[in-house]
Amino acid sequence: MTSRTVNMKELSQIEKDAVKDLLFRIADDDLILGHRNSEWTGIGPILEEDIAFSSMAQDKLGYAQAYYTILNEMGEADPDTLAFNRSGTGEVNEKLYKCCHFTEYPIGEYDFSLMRHFLFYYSEAIRMEMLMHSTFEPLANLAKKFRGEIRYHIMHAHTWIKQLGHGSEESRARMQSALNECMPLALGIFEQSEYEDTLIEGGIFPGEDKLKEVWLEQITPVIAESALEMPDVNTIEVSNGGRKGFHTEYLKPLLEEMTEVYRIDPEAEW
Amino acid sequence: MSLKSLDPRVTRLGIPEEQELKTEKSPLDQWQTYEVFTQAKTGAHHTHVGSLHAPNDEMAYILAKEQFGRRSKVTSLWVAKTAFFVTAENDDELFARNDEKMYREAGGFKVMDRINEFKAKVKSEKSKE
């Protein structure tokens with residue numbers, strides 16, 4: 001990695017496109033998963049967990065907003081428009097979003113939501129750790145700012161997985177089947193973009209392959225410690241496509257619901 | 001004879017031992033409770049902020065963090081099982097006040113008058129200068 005740091009003006013055109021693509025991917029992940037996880041608000045398994053999970057969902061929406069703000073400074077629309085009216089026409093067009101399939105899936109039962117929370121948050125924490133060293137200053141600064149919060153997210157996820165892995169026979173079985181169900185989707189987080197080389201060469205981000213490698217290194221011991229069995233990631237058919245705008249059937253209804261109020265009157269002051 | 005429990009709040013309720021419970025609760029129906037203490041700034045006292053349910057210490061800590069640490073600044077957090085806190089039955093009786101012992105109250109010392117007198121003196125001397 002080079003020792004240079006760059007601000008927005010100093011990026012080359014292709015680097016600008018690469019950064020925007022990266023920002024859209026991670027911002028959309030946070031927006032969609034933040035929205036999904038907030039669906040647990042009020043119906044969480046216990047009051048204390050309901051509050052913690054909702055609070056973390058809100059944190060994710062905060063990250064999305066921060067990433068959209070950088071995009072806005074790079075010439076894209078304002079954060080609200082990017083989140084709620086991406087097409088600019090008031091019509092929902094899910095193809096314009098770059099979130100991975102994993103974030104789109106319905107909340108299911110709490111075992112699925114918790115396992116997704118664990119697998120996704122680890123990838124997010126590692127990504128942030130990597131972005132802290134990014135040559136692109138605005139992103140490095142954001143990553144440093146969110147560091148503490150992310151540490152808590154990881155601690156929360158880790159503790160729950162360990163707890164339920166060692167709970168009853170039922171809790172262990174449910175976590176194992178959630179893990180098996182999640183893994184093909186989770187691997188879709190690391191779908192390559194067309195800008196991988198630009199990001200790596202510019203020292204902006206070490207790339208999805210590197211992220212996946214570190215992620216596997218970190219989650220494997222936690223899964224073992226939780227008495228769960230790691231699926232063979234080499235034989236799994238990965239759920240790719242989200243990063244290129246090809247989504248599951250679940251994204252469009254989510255976006256329609258999420259933007260319903262906004263679309264009634266986009267000019268309304270809140 | 002009333003029911004003795006590790007949880008002081010149960011003991012304080014004075015539930016008769018013989019009383020039959022109307023519904024059988026399974027052992028894992030409710031988690032135990034924890035008491036939570038937070039510190040507002042480094043060096044300050046940890047203050048009791050409330051209680052919560054958790055199955056063990058580790059879970060109590062992570063649940064308490066969002067429960068009591070998300071609204072205002074917190075620099076450190078403690079959790080401890082409610083059952084670890086010691087109290088006495090009817091402790092309000094123990095602490096009943098005897099009005100004849102006013103001299104024991106800090107407010108009973110007649111020193112504030114002298115302090116205020118001194119302060120006024122210093123102030124008036126300063127204004128003369």
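Remember, predicted model here, so these are calculated numbers, not experimental data.

Undergrad: Would you explain the environment of Ser193(A) in this entry?
TA: All names here are of chain A. Counting through the fold element by element, serine 193 comes out in the loop between helix H7 (169–186) and helix H8 (196–201). In this structure serine 193 comes out as buried when scored by relative accessible area, which is 12%. The spacing of serine 193 and glutamate 256 is 63 residues in sequence and 26 Å in space, taken between C-alpha atoms. Setting aside its immediate chain neighbours within four residues, serine 193 contacts Asp21 and Arg25. Of note is the side chain of serine 193, whose polar atom sits 3.0 Å from the backbone nitrogen of tyrosine 195.

Undergrad: Would you take a moment to explain the packing of helix H5 (residues 110–131) of chain A against helix H6 (residues 137–165) of chain A for this structure?
TA: A packed helix pair is summarised by two numbers, namely the angle formed by the two axes and the spacing between the axes. Residues and elements named next belong to chain A. Their axes nearest at 8 Å, the elements H5 and H6 cross at an angle of 150°. On the basis of the axis angle, H5 is roughly antiparallel to H6. Handedness of the H5/H6 crossing: left-handed. Residue composition of the contact of H5 with H6, grouped by class: 18 nonpolar, 4 polar and 3 charged.

Undergrad: How do you make sense of the state of the cysteines when you look at a structure like this?
TA: Such a bond, covalent and formed between the sulfur atoms of two cysteines, is termed a disulfide. Residue and element names in this part refer to chain A. Throughout the structure, instances matching the rule amount to 0 disulfides over all chains. Free of any disulfide, cysteine 99 has its nearest neighbouring cysteine sulfur in cysteine 100, separated by 6.9 Å. Judged by relative accessible area, which is 0%, cysteine 99 ranks as buried.

Undergrad: For this particular structure, what's the right way to read the environment of Lys121(B)?
TA: Residues and elements named next belong to chain B. Mapped onto the fold, lysine 121 is located in helix H4 (residues 111–128). We classify lysine 121 as exposed; its relative accessible area is 51%. A C-alpha to C-alpha distance of 55 Å links lysine 121 and alanine 83, two positions 38 residues apart in sequence.

Undergrad: Please clarify how the sheet that holds strand E3 (residues 76–81) of chain B should be interpreted in this entry.
TA: All names here are of chain B. Taken together, 3 strands build an open sheet; the order of strands is E2-E1-E3 and the sheet is antiparallel. In the strand order of this sheet, the two ends are held by strand E2 (46–54) and E3, each with one partner. On average, adjacent strands in this sheet sit at an angle of 25° to one another, irrespective of strand direction. Direction of pairing for strand E1 (residues 32–39) relative to E2: antiparallel, over a ladder of 8 bridges. Within E2, the residue paired with valine 36 across the bridge is glycine 50. Where helix H2 (residues 57–69) meets the sheet, it contacts E1, E2 and E3, and its direction lies at approximately 120° from that of E2.

Undergrad: What am I meant to see in the interface of chain B and chain A here?
TA: Often the size quoted for an interface is simply the accessible area lost on bringing the parts together. In this assembly, 14 residues from chain B lie in contact with 13 residues from chain A. Both faces considered, chain B and chain A share a buried interface measuring about 1300 Å² in area, 66% of it formed by carbon and sulfur atoms. The interface formed by chain B and chain A contains 1 salt bridge. When the shortest N-O distance is used, the salt bridge between Lys162(A) and Glu58(B) registers 3.1 Å. Applying the counting criterion to the chain B and chain A interface returns 6 residue pairs in polar contact (both at pLDDT 80 or more). Elements with a minimum of two residues in the side of chain B that touches chain A: E2 and H2 of chain B. In terms of residues, the side of chain B that touches chain A owes the most to one element, H2(B), which gives 8 residues.

What counts and how
Residues numbered from 1 in each chain as written. Chains lettered and ligands numbered in written order. Predicted model: local features only at pLDDT ≥ 70, side-chain atom pairs only at ≥ 80, totals over all residues. Heavy atoms only, no water. Helix = DSSP H or I, 4+ residues; strand = E, 2+ residues; numbered from the N terminus. Buried < 20%, exposed > 50% of the residue type's maximum accessible area, 1.4 Å probe, protein only. Contact = heavy atoms within 4.5 Å. Polar contact = N/O pair within 3.5 Å; in protein donor to acceptor, adjacent residues only side chain to side chain. Axes fitted to C-alpha atoms, helices over the stretch in contact; angles between N-to-C directions. Parallel < 35°, antiparallel > 145°, perpendicular 65-115°, else oblique. Left-handed = near helix turned anticlockwise from the far one by under 90°. Nonpolar A, V, L, I, M, F, W, Y, C, P; charged D, E, K, R; others polar. Disulfide = S-S within 2.5 Å. Pairing = 2+ DSSP bridges. Buried area = accessible area lost by both parts, 1.4 Å probe. Salt bridge = Lys/Arg side-chain N within 4 Å of Asp/Glu carboxyl O.

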